[in-house]
Amino acid sequence: MIQLERVKKVFPNTAVPAVDELSFTVEQGNVCVFVGPSGCGKTTIIRMINRLVEPTSGSIFIDGENILQVDSDRLRRRIGYVIQQVGLLPHRTIEQNVGLVPRLLNWPEDRIARRVAELLEMVGLDPAEAAQKYPYQLSGGQMQRAGVARALAADPPIMLMDEPFGAVDPILRGRLQDEFLRLQREVQKTICFVTHDINEALKMGDYIVVLNAGKLVQKGTPMELLSSPANDFVKALIGDDRGVKLLDLTRAESLVADGSIKSPAVKDCSCFIDALQPVKMALEQMMKHDTDSVGIRRGDEVIGALTWAEIKKHIHRISGDEG
Amino acid sequence: MNFGLDRFIEAMLYRSPPYILEHVQLVLIPLGIAAAIAFPAGVLLTRPRFRRYTGRVMSVFNAGQTIPPLAVIALFFPFLGLGYRPALIALTLYALLPIARNTLAGLAGVPFEVKEAARGMGMTGWQVLTQVEVPLSLPVVISGLKTSAVLTAGTAALAALVGGKGMGAVIFAGINFFRVELILAGTLYIGIMALCLDRLLSFFESRITPSHMK
Ligand SMILES: Nc1ncnc2c1ncn2[C@@H]1O[C@H](COP(=O)(O)OP(=O)(O)OP(=O)(O)O)[C@@H](O)[C@H]1O
Ligand SMILES: [Mg+2]
């Protein structure tokens, strides 16, 4: 668990605080995404949590312990840190870079070797090929993935990830995000994740903290942000397709009313989607098959149908006048 | 002054060689002491506690570089008098500057994000210094060492002026007795020594730098 209490950072010789009286809590096992425009203080927050920057005022607690009470080097070894500019050591091979923290923790060499291979594989780098290379021999996206592997190496309970997938192509990024979420469901780390891509934030976050000019603008689940944005800044950040994004986060089953199995729409259905798929998929199917209703299946069993009118009604209900 | 080949050969083979070892000492000892002072000084000046002095020290170093070598020896003459040891001290002072300057430049050239990452992974300040900053700045430091070595090899000739021995004795004998062959032979040996030192350090440098960072 990470707690910030009225944390403020004013860098020397600057007029405005980079982070201003920020308070929030990231619960154990949650992914908290920080999102906001460039220069709003995201990196500074991350760096304060692992004591690379000391707050001007306020305090930070990890698992209830004030981080100022902990030896900073020891603290950092149990916090995985993916830095925004990657920062691989140029004179060390990828294997040495990824094995850095385990070596600091005096793991036996064979365990380090196994761990490095496993991690490189996980981030989509071929261990046989990449391990002995130097950072300059990798592309930007490959370096970034090596940086993610390095942060994960010692299996830290807390991860600070500063735009970890910023330099990889959209397809690979999607894959890495999925892999990340799959892994996170297993290992339940406490994660601070920085991005300025709102779609990534909505996809990855249990909670999202929206920041502007060092101040907290809104904190909430992706659903809360989409259904009730606090102000115009958040609305602008989310974009004009708020309704569609909402439907992307809404599972089809949640809109299937109890009685709808008996509704006449079910019989007319020419296409079906799974109950766990987002409502957006239902829209996609409607467009593709030029129809107004889509059947919802759970496994092999049809449990109901969604109609265009119902979806419209849902959007109006959840987001007020828009949609 | 006229040039005689046999006298030149004599100077090369018999007159100069006895001074080689002396001259090498006059170069290596100041260089070693200078490196032992300037390198740690450069490291200290890049640590957070002392960083605010870096600018001032740098400008002193830069100013020091503009003083001609002869002036350095002349300036210290009143305090140190004549002889071998004063010559060593003067040469040491002169050799300090390029090494300190390049140490500062080398350490300053280590990318911020690399140091940040190393610290962020939980390396101690000492580990970051010895495992990251020093290895990455070593090529620049060694190039400063090379500058110092070549500079000192030449400047050490002046040591003979204050009774400090070395190849300068051959050259100044040549000047005093109008013997161009001696001047030429002494100069040649100094040039060869400077070149050898430069090569030696380059070799050392290439041994410790990963291939892509040369
Ligand atoms: N070491 C520093 N000294 C002075 N000012 C700094 C320092 N680090 C950051 N700042 C300032 O603090 C503010 C917040 O910077 P920060 O790096 O946290 O932004 P960010 O949200 O991570 O931006 P980006 O999305 O571009 O990475 C900026 O105005 C920046 O100029
Ligand atoms: Mg940033």
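Calculation criteria
Residues numbered from 1 in each chain as written. Chains lettered and ligands numbered in written order. Predicted model: local features only at pLDDT ≥ 70, side-chain atom pairs only at ≥ 80, totals over all residues. Heavy atoms only, no water. Helix = DSSP H or I, 4+ residues; strand = E, 2+ residues; numbered from the N terminus. Buried < 20%, exposed > 50% of the residue type's maximum accessible area, 1.4 Å probe, protein only. Contact = heavy atoms within 4.5 Å. Areas by Shrake-Rupley, 256 points an atom, 1.4 Å probe, with all protein chains shown as cover. Near = heavy atom within 4 Å. Polar contact = N/O pair within 3.5 Å; in protein donor to acceptor, adjacent residues only side chain to side chain. Nonpolar A, V, L, I, M, F, W, Y, C, P; charged D, E, K, R; others polar. Pairing = 2+ DSSP bridges. Axes fitted to C-alpha atoms, helices over the stretch in contact; angles between N-to-C directions. Parallel < 35°, antiparallel > 145°, perpendicular 65-115°, else oblique. Left-handed = near helix turned anticlockwise from the far one by under 90°.

A.B. asks: Before we go on, may I ask you to explain the overall build of chain A in this structure?
C.D. replies: Helices and strands together make up the secondary structure of chain A, namely 15 helices and 13 strands. Based on the C-alpha atoms only, the size of chain A along its principal axes is roughly 65 × 50 × 35 Å. Taken across its 323 residues, chain A has 52% of its residues classed as buried. Put simply, 62% of the contacts in chain A that link residues at least 6 apart link residues at least 24 apart. Element-wise, carbon and sulfur atoms account for 50% of the exposed surface of chain A, whose accessible area totals about 14,900 Å².

A.B. asks: What's the story with the site of ligand 1 in this structure? I'm lost.
C.D. replies: Residue and element names in this part refer to chain A. Near ligand 1 the following residues occur: Phe11, Ala18, Ser38, Gly39, Cys40, Gly41, Lys42, Thr43, Thr44, Gln84, Glu163 and His196. Threonine 43 is positioned with one of its side-chain polar atoms (N or O) 2.6 Å from an oxygen atom of ligand 1. Threonine 44 has a polar side-chain atom sitting 2.6 Å from an oxygen atom of ligand 1. In the complex, 62% of the free accessible area of ligand 1, which totals 640 Å², lies under the protein chains. Within the shell around ligand 1, the residues separate by chemical class into 3 nonpolar, 7 polar and 2 charged.

A.B. asks: Would you mind going over the sheet that holds strand 4 (residues 57-62) of chain A with me for this structure?
C.D. replies: What links the strands of a sheet is backbone hydrogen bonding, and the strands pair in either a parallel or an antiparallel sense. All names here are of chain A. Pairing within the open sheet is antiparallel, and its 4 strands lie in the order 2-1-4-5. Both outer strands of the open sheet, strand 2 (19-26) and strand 5 (65-66), are each paired with one neighbouring strand and no more. Alignment of strand 1 (residues 2-9) against strand 4, held across 5 bridges, turns out to be antiparallel. Across the sheet, residue glutamine 3 finds its bridge partner in strand 4, namely phenylalanine 61. Here helix 1 (residues 42-49) sits on the sheet in contact with strand 1, strand 2 and strand 4, set at roughly 120 degrees to strand 1.

A.B. asks: Explain the packing of helix 8 (residues 168-176) of chain B against helix 9 (residues 180-208) of chain B here, please?
C.D. replies: Helix-helix packing: each pair is described by the crossing angle between the helix axes and the interaxial distance. Residue and element names in this part refer to chain B. Packing of helix 8 against helix 9 brings their axes to within 7 Å, and their N-to-C directions diverge by 160 degrees. Classified by the interaxial angle, the pair formed by helix 8 and helix 9 is roughly antiparallel. Handedness of the crossing formed by helix 8 with helix 9: left-handed. In contact with Val170, Ile171, Ala173, Gly174 and Ile175 of helix 8, helix 9 contributes Leu182, Ile183, Gly186, Thr187 and Ile190. Looking at the contact of helix 8 with helix 9 residue by residue, the class counts come to 7 nonpolar, 3 polar and no charged.

A.B. asks: It is not clear to me how the packing of helix 5 (residues 84-108) of chain B against helix 7 (residues 125-155) of chain B should be interpreted in this structure. Could you clarify?
C.D. replies: Residue and element names in this part refer to chain B. Direction vectors running N to C along helix 5 and helix 7 enclose 155 degrees, while the axes themselves pass 8 Å from each other. Relative to helix 7, the element helix 5 is oriented roughly antiparallel. Taken as a pair, helix 5 and helix 7 cross one another with a handedness that is right-handed.

A.B. asks: Before we go on, may I ask you to explain the sheet that holds strand 9 (residues 207-212) of chain A in this structure?
C.D. replies: Residue and element names in this part refer to chain A. Strand order in the open sheet made by the 6 strands is 6-7-8-3-9-10, with mixed pairing throughout. Unpaired on one side and paired on the other, strand 6 (79-82) and strand 10 (215-220) mark the two borders of the sheet. For this sheet, the mean inter-axis angle between neighbouring strands, taken without regard to orientation, is 15 degrees. Where strand 7 (residues 158-162) meets strand 8 (residues 190-195), 5 bridges bridge the pair, whose relative direction is parallel. Among the inter-strand pairings, methionine 159 is bridged to a residue of strand 8, identified as isoleucine 191. Contacts between helix 1 and the sheet are confined to strand 3 (31-35), strand 6, strand 7, strand 8 and strand 9, with strand 8 contributing the most and set at about 155 degrees to the helix.

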